[in-house]
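In case you want the letters, here they are:
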Amino acid sequence: MERNYWVRTEHGRIWGPYTVSALERLRGQLTDKCEASLDGKEWLPGADFPELRGLLMPARKIERTAPIQPAGPRISRAMAAAFGIGEETAQIAGPPQAAVQPSQPARPPQAAPQQQPPPPARPSQGAPQQQPPPPEPPAPPKRKPPMMPQAPEKLEVPDSGDLAKLSPVRLYALAALTNASGSARLVPEDGGLLQIFFRRGTPEHVSADDPDLSLLRFLQMKGYLQTEKARVAEEQAAKSGQDVVAALFQLRLIPAADAHRLFGEHGVFLLDRAFACWRGKFTFDKEAVPPPGSFPLGSRWGLLVDAMRRLEVAVVRARIGKRLSRPVVRSGGLGVGKLEELGLNALETRIYASIDGTKSGEELLRIHDASTAMRLLYLLTELGHLAFAEIEEETAAEPARAPPQPSAPQPAATPQPAKPAAAPPLPKTTREAPRPPAQRPAPPVMKAAAPVLQATPAKPAAPAISRPPPTFAQAPDGESVEAMLARLSALWERLSQADHFEALGLDRKTASLAETKRNFFVLAKELHPDTVSDPAQAALREIKERLFARINEAAQVIGDEKRRKEYEAELDGKAQNVDVARIFAAEENFQRAEILIKARKYQEGLDLLEQAIEMNPEEAEFYALRGYAKFLAAKDRKQSYEECASDCRKAVKMIERCLPAHLYLGHMAKMLGDLKAAKKAYSRVLELDEGHVEAQRELRLMGTKG
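Residues numbered from 1 in each chain as written. Predicted model: local features only at pLDDT ≥ 70, side-chain atom pairs only at ≥ 80, totals over all residues. Heavy atoms only, no water.

J.: An account of the overall build of the chain is needed here, citing residue identities and associated values.
T.: A tally of helices and strands in the chain yields 28 helices and 13 strands. Relative to its 706 residues, the chain shows a buried fraction of 40%. Taking the intrachain contacts of the chain between residues at least 6 apart in sequence as the baseline, contacts between residues at least 24 apart amount to 67%. Accessible area for the chain stands at about 39600 Å²; split by element, carbon and sulfur atoms hold 53% of it. (Helix = DSSP H or I, 4+ residues; strand = E, 2+ residues; numbered from the N terminus. Buried < 20%, exposed > 50% of the residue type's maximum accessible area, 1.4 Å probe, protein only. Contact = heavy atoms within 4.5 Å. Areas by Shrake-Rupley, 256 points an atom, 1.4 Å probe, with all protein chains shown as cover.)

J.: Break down unusual backbone geometry for me, citing the residues and quoting the values.
T.: Positive phi is not limited to glycine here, since arginine 200 has a value of about 55 degrees. Take arginine 200: it is sitting in the loop between strand E7 (194-199) and strand E8 (202-208). Owing to a relative accessible area of 55%, arginine 200 belongs among the exposed residues under this scheme. The residue arginine 600 is not glycine, and still its phi comes out positive at about 65 degrees. Its place among the elements puts arginine 600 in the loop between helix H22 (580-598) and helix H23 (602-615).

J.: Talk me through the state of the cysteines; I want residue IDs and the actual numbers.
T.: Under the criterion given, the structure shown has 0 disulfides. Cysteine 644 takes part in no disulfide bond, and the closest cysteine sulfur, belonging to cysteine 648, lies 8.1 Å away. Note on cysteine 648: relative accessible area 0%, which makes it buried. (Disulfide = S-S within 2.5 Å.)

J.: Can you lay out the side chain of threonine 202 for me, pointing to particular residues and giving the numbers?
T.: Along the chain, threonine 202 falls in strand E8. Residue classification places threonine 202 among the buried positions, given a relative accessible area of 12%. In contact with threonine 202, other than residues within four places in its own chain, are Phe197, Pro296, Gly298 and Arg300.

J.: Talk me through the sheet that holds strand E1 (residues 5-8); I want residue IDs and the actual numbers.
T.: Pairing is antiparallel in the open sheet, where 4 strands are placed in the order E2-E1-E3-E4. Every interior strand has two partners, whereas the edge strands, strand E2 (14-18) and strand E4 (44-45), have only one. Pairing of strand E3 (residues 35-37) with E4, which is carried by 2 bridges, proceeds in the antiparallel orientation. What sits directly across from alanine 36, in E4, is leucine 44. (Pairing = 2+ DSSP bridges.)

J.: How would you sum up the sheet that holds strand E5 (residues 160-162)? Please name residues and give values.
T.: Overall, antiparallel pairing links the 5 strands, which are arranged E5-E9-E6-E7-E8 in an open sheet. Strands at the two margins of the open sheet, each flanked by one partner only, are E5 and E8. For this sheet the average axis-to-axis angle between neighbouring strands, irrespective of direction, equals 15 degrees. Across 3 bridges, E5 lies against strand E9 (residues 280-285) in antiparallel orientation. From the neighbouring strand, serine 160 faces E9, where its bridge partner is threonine 283. Set on the sheet, helix H5 (residues 168-177) makes contact with strand E6 (182-188), E7, E8 and E9; between it and E6 the angle comes to about 175 degrees. (Axes fitted to C-alpha atoms, helices over the stretch in contact; angles between N-to-C directions.)

J.: I'd like to hear about the environment of valine 557, residue by residue, with values.
T.: Assignment of secondary structure puts valine 557 in helix H20 (residues 538-558). For valine 557 and histidine 500, which are 57 residues apart along the polypeptide, the C-alpha to C-alpha distance reads 7.8 Å. Among all residues touching valine 557, those that are not within four sequence positions of it are His500, Arg563, Arg564 and Tyr567.

J.: Give me the pairing of E2: which residues, what numbers.
T.: In this structure, E1 lies alongside E2, joined through 3 bridges in antiparallel fashion. Considered in E2, the bridge of valine 7 is made with tryptophan 15. As consecutive antiparallel partners, E1 and E2 are separated by 5 residues, and within that stretch glycine 12 has a phi angle of approximately 95 degrees, a positive value.

J.: Describe the nonpolar core, and please don't skip the residues or the numbers.
T.: The biggest cluster of nonpolar side chains holds 71 residues, and the ones touching the most others in it are Leu248, Leu304 and Met308. By residue number, the principal contributor to this core is helix H14 (residues 370-383), which donates 8 residues. For leucine 304, the residues in contact, after removing those within four places along its chain, are Val169, Tyr172, Phe275, Leu379 and Leu383. By size, the runner-up hydrophobic cluster in this structure holds 36 residues, among which are Leu606, Met615, Ala651 and Ala681. (Core = buried A, V, L, I, M, F, W, Y, C linked by side-chain atoms within 4.5 Å.)

J.: Residue-level account of helix H11 (residues 313-320), with values.
T.: Val316, Arg317, Arg319 and Ile320 are the residues of H11 that are buried. Angular distribution of buried residues about the axis of H11 spans 160 degrees; they occupy a single face of the element. Projecting away from the buried face of H11 at angles above 90 degrees are the exposed residues Ala314 and Ala318. On its buried face, H11 sits against helix H13 (361-367), H14, strand E11 (386-388) and H20. At the C-terminal side of H11, glycine 321 shows a positive phi close to 70 degrees. (Arc of directions from axis to C-beta.)

J.: Go over the packing of aromatic side chains, please, and point to the residues and values.
T.: Applying the stated criterion across every chain, the model contains 11 aromatic pairs. Here phenylalanine 520 and phenylalanine 521 contribute two aromatic rings whose centre-to-centre distance is 5.5 Å and whose plane-to-plane angle is 65 degrees, an arrangement assigned as edge-to-face. Here the aromatic residues Tyr172, Phe198, Phe275 and Phe284 are joined through ring pairs into a cluster of three or more. Here the basic side chain of arginine 8 rests over the ring of tryptophan 43, its NZ or CZ set 4.4 Å away from the ring centre. (Phe/Tyr/Trp six-rings, centres within 6.5 Å; stacked < 30°, edge-to-face > 60°. Lys NZ or Arg CZ within 6 Å of the ring centre and 35° of its normal.)

J.: Can you break down the packing of helix H12 (residues 346-353) against H14 residue by residue, with the values?
T.: Put simply, H12 and H14 touch, their axes get as near as 10 Å, and they point 70 degrees apart. Accordingly, the angle class assigned to the pair H12 and H14 is roughly perpendicular. H12 and H14 meet at a crossing whose hand is right-handed. Contacts between H12 and H14 pair Leu347, Glu348, Ile351 and Tyr352 from the former with Thr372, Ala373, Leu376 and Leu380 from the latter. Of the residues that constitute the contact of H12 with H14, the class distribution is 6 nonpolar, 1 polar and 1 charged. (Parallel < 35°, antiparallel > 145°, perpendicular 65-115°, else oblique. Left-handed = near helix turned anticlockwise from the far one by under 90°. Nonpolar A, V, L, I, M, F, W, Y, C, P; charged D, E, K, R; others polar.)

J.: Tell me about the pattern of salt bridges, and please be specific about residues and values.
T.: Should the charged atoms of two oppositely charged side chains come close, the side chains can pair. Taken as a whole, this structure holds 29 salt bridges when the rule is applied. In this structure, arginine 317 and glutamate 545 form a salt bridge, with 2.7 Å as the shortest nitrogen-oxygen distance. Pair noted here: arginine 317 is in helix H11 and glutamate 545 is in helix H20, with a separation of 228 residues, a long-range link. Of the two residues, arginine 317 and glutamate 545, neither departs from the other in class, the shared state being buried. A salt bridge links glutamate 479 to arginine 487; its shortest N-O distance comes to 2.9 Å. (Salt bridge = Lys/Arg side-chain N within 4 Å of Asp/Glu carboxyl O.)

J.: I'd love a proper account of the side chain of arginine 170, names of residues and values included.
T.: Looking at the element boundaries, arginine 170 is found in helix H5. Salt bridges are absent for the buried arginine 170, whose nearest opposite-charge side chain, glutamate 382, sits at 6.3 Å. Looking at arginine 170, its side chain comes within polar contact range of the main-chain oxygen of glutamate 382, at 2.7 Å. (Lys, Arg positive; Asp, Glu negative; His and termini not counted. Polar contact = N/O pair within 3.5 Å; in protein donor to acceptor, adjacent residues only side chain to side chain.)

J.: How would you explain the packing of H11 against H14 if you had to name every residue and give the values?
T.: Two measures define how a pair of helices packs: the angle their axes make with one another and the distance between the axes. For the pair H11 and H14, interaxial distance at closest approach is 10 Å and the crossing angle is 45 degrees. With respect to their mutual orientation, H11 and H14 come out oblique. H14 is crossed by H11, and the crossing has left-handed handedness. Note on element contacts: H14 touches H11 through Ser371, Met374, Arg375 and Tyr378, opposite Val313, Val316, Arg317, Arg319 and Ile320. Among the residues forming the contact of H11 with H14, the class breakdown is 5 nonpolar, 1 polar and 3 charged.

Below, the structure written as structure tokens:
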């Protein structure tokens, strides 16, 4: 039986009790300074537990500049750690490198065979054919370890490239991240030119040579300018040799007070068109400067996210393509820019929090709002915060074309009179048997997630399938679109409530791997969304997307032996009901609330905290931050102090070592002028963590005041 562990970070936060497999989701957040316990009472260094060593990363200092002094900045390092936006966030990274684990399994598998060459000093002629068996070990190199998406080689804006390989979204993000100045010239495949001028990473001007995208056409489209007045402005610009903007001001066709807003809206309009360019070429001129009179169009990351929210879903789906059927994984902090800078809303944050590496893109679209999830997946995959797991098709070669095995050429090299008749049957058997146990075709194996439908080599060949394939998804002859939509809607209502076996038409007691694969492909032929080619049948395509995602999820679980056992245990009520995804969704809301509260958006932060507490009411730090945020947002802080402090005291009662709760109690008492209570709270923080810089600074400041 797998053990349960409690894990306590160096900041006092406690996770558990969870199994090692559940704690895998914290990889990158646990350092070698963490402590662990088997009972939640006696704590030992995490490295003392061999099962946890692979999860612990060495503590790193991520500061690349001079250390921040406590008295200089607006917020100290300890305060940043208390809000979860400092070093703790920066240490979220991919799996620890093999150098962290000195154990032998972390070494490359190719090293062992090279160190054991056959001894050359044995020229015995008595049994020269007994040496071929050693070459069999080269099989292990076929097993490729899971690989997380790698960081880009250089996070800089290239001078030129292909938009099909480097999308406008990523090109824009690289310019924003590197504070680049210059002009990005996009030449779509269908002609035209779009030009984005950056100044220190912020877009200040966007232009297009297409007359239909000009400022006059935009003002007409928005209803700000009539057609006749637009024609007059064009004639005036042609006569005077001025540009259209000057003619508009000269004729007073647009109010001067609205000019800034209208020009900004036109720039954003062109930016949307630039992000929709899928194919073509681009160049980046670092010497180009924005035209005179240009101004920042807005926040660099806010403009990008808002543009993604306006993209057409059909266009985004076409861009992502078949990758939606793959599992979506996180990159472990290897994306362009910081995720919190994007300003995701509550729904987008909830979608991101639900991504745990086990759900495919289609499944995420089914669980959440499809349009929002689609746009978010495209944005975050382009930025590198998410990735679609690569699937390696390990289709076995035909036996007739397979590499010759050592046993086949041996009879020719060994003149044995008793076995000349036994040599031919070997290749004959190889040709006749379509699926020998040693060369069973392996299904797709994911590189970044758990293997899907992975056959275990210890099992014999799959027995013949006696049950007929499922027919509940087949359409009757001459069925109309309306009838098909009604039939599939009823099918969705049934399958959404069914278990995985029922969804694939399987019998739980007799379902085999071969039958699972067969039933999945039979159902996929009827339910795949690509079978709907008419854009007018959007409702039919949507219901097929849901049904296909449902059977795909069922096939992934039942086709994997380990996941199937866990699922059957869950059906039998024997599984541990630990909703890890819900806990991590609560953590995402908590981290976002910290940022909002720091930005003095107290009510928005409190709303996210309420959601976090509802999803995980056992986290003490959630209550502590809620009490402090209520205090900061209160109009009469003195009157609301007791109610706010009760949340912090509740957190302390849950976990005495909850440092933020003691710190917030000190801050609140200090704001109300109760220096004695504040000093007591800060002293308690130092008792728990004698190196707490923020508490030391507060006590030092209180001491200087007398």
